[in-house]
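Observations on the model geometry
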Amino acid sequence: MQQQVDSMAAEYGRTPSLVVIQVGNDPASTIYVRNKMRAAEFCHIRSQHLSLPDSITEQELCAHISRLNDNNDIDGILVQLPLPAHINEDTIIRSINAEKDVDGFHPDNAACLWLHQPLQTNHKASIYDPVPDYGCTIACTPKGILSMLASTGVELDGKRAVVIGRSPIVGKPMAKLLLDRQCTVTIAHSHTADLPAVCREADILIAAVGKPKLITKDCVKPGAIVIDVGISRLPDGTLSGDVDFEACKDIASFISPVPGGVGPMTVTMLMQNTIDCYKRRLNGKH
Ligand code: NAD
């Protein structure tokens, strides 16, 4: 990625740039933001951490975003979630220019994914491997998981996939990406009856819930690929995924750990999304 960034900067006379906005001092957010800034530095992406006080109003935050939207030198804007309760997250996400929405949370990007249509009508899709070029920003976590699945070398076409969790930032986009890869997809959630039986049908099982060790060995079909998205902090301070890793690792053909699996891939995809937003913004001008 560094070489890609360096050569684009040399060719176009400008380095891809990312602004990460953090409101308040939530300790988990501080760690996530730090990881994103380090990754940007590693990839030679120009980055700025805009730290704003908890007391900021929704209107003031929107004004900061509007200024960044109008700044031609900025390619990516990310607002670290969660936001303080007095700020409406949907309003803030909508206030980001969809072409700079590197998280892929803006409704325009979500719609483009579901309709498989680019943000810009003049978009020329490049052949991307392993994640197809939708011409919009795909949320980093599901995009990273698709990349992880590709790295297993397992053919996805025709496989049964079960995604546990239906959030707009992980479960739903993940299901759509797998559908587009010709999987037969089930989305399970908090009201799903007999979750273990549903999970046992999966060749590809993706857990995005946030409940430590919800997925036991009784939920895993022998040979399945198991991807653990969940991150929960246990009372002893350690991190746990949704999957009982030790119990499932000998049943699954591939299994991702927590920490160290989906998390780092998500940050990597944020860097890729920043580069892609930069490229799309260049295309829009030429
Ligand atoms: P969310 O709270 O928005 O969604 C959780 C989903 O789990 C819901 O759709 C709910 O229906 C489902 N659910 C709850 N209890 C259930 C149960 N008992 N059985 C089946 N389904 C159940 O969460 P989210 O934002 O999608 O995140 C999910 C998890 O993934 C969290 O732990 C989060 O921290 C983690 N996460 C990790 C990354 C990463 O980069 N590694 C990124 C995003 C989210």
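Residues numbered from 1 in each chain as written. Predicted model: local features only at pLDDT ≥ 70, side-chain atom pairs only at ≥ 80, totals over all residues. Heavy atoms only, no water.

What follows covers the domain arrangement of the protein chain. Split by domain assignment, the protein chain resolves into domain 1 (2-112 + 264-282) and domain 2 (140-255). The gap between the C-alpha centroids of domain 1 and domain 2 is 27 Å. Of the roughly 790 Å² buried at the junction of domain 1 and domain 2 (both faces included), carbon and sulfur atoms supply 68%. It is Met-265, Thr-266 and Met-269 that lose the most area in domain 1 upon contact with domain 2, and together they represent 53% of the buried surface on that side. In this structure, the connection of domain 1 to domain 2 is made through 1 salt bridge. Applying the counting rule to domain 1 against domain 2 returns 3 residue pairs in polar contact (both at pLDDT 80 or more). Ranked by the residues each element gives to the side of domain 1 that touches domain 2, the list is headed by helix H10 (residues 262-285), at 7 residues. (Domains from an automatic or database assignment. Buried area = accessible area lost by both parts, 1.4 Å probe. Salt bridge = Lys/Arg side-chain N within 4 Å of Asp/Glu carboxyl O. Polar contact = N/O pair within 3.5 Å; in protein donor to acceptor, adjacent residues only side chain to side chain. Helix = DSSP H or I, 4+ residues; strand = E, 2+ residues; numbered from the N terminus.)

The next subject is the side chain of Arg-280. With respect to the helices and strands, the residue Arg-280 is situated in helix H10. One buried charge, Arg-280, has no salt-bridge partner; the nearest side chain with opposite charge is Asp-133, at 4.6 Å. Engagement of the side chain of Arg-280 in a polar contact is seen with the side chain of Thr-137, the distance being 3.0 Å. (Buried < 20%, exposed > 50% of the residue type's maximum accessible area, 1.4 Å probe, protein only. Lys, Arg positive; Asp, Glu negative; His and termini not counted.)

For the coordinates displayed, the defined rule picks out 7 salt bridges. Linking Lys-143 and Asp-276 is a salt bridge whose minimum nitrogen-to-oxygen distance equals 3.5 Å. Here Lys-143 is found in helix H6 (residues 140-151), whereas its partner Asp-276 is found in helix H10, with 133 residues between them in sequence. The salt bridge partner of Lys-221 is Asp-203, with a shortest N-O separation of 2.8 Å. Placement of Lys-221 in the loop between strand S6 (204-207) and strand S7 (225-228) and of Asp-203 in the loop between helix H8 (195-200) and S6 is noted, with a sequence separation of 18 residues between them. Residue classification places Lys-221 among the partly exposed residues on the basis of a relative accessible area of 31%. Salt bridges here are not isolated pairs; linked through shared partners, they connect Arg-14, Asp-75 and Arg-281.

We now examine the sheet that holds strand S10 (residues 254-255). The strand order across the open sheet built from 5 strands is S5-S4-S6-S7-S10, with neighbouring strands paired in parallel fashion. Each having just a single partner strand, strand S5 (184-188) and S10 make up the two edges of the open sheet. Taken together, the 4 bridges between strand S4 (residues 160-164) and S6 define a ladder with parallel strand orientation. Residue pairing across strands places Ile-164 opposite Ala-207, the latter belonging to S6. (Pairing = 2+ DSSP bridges.)

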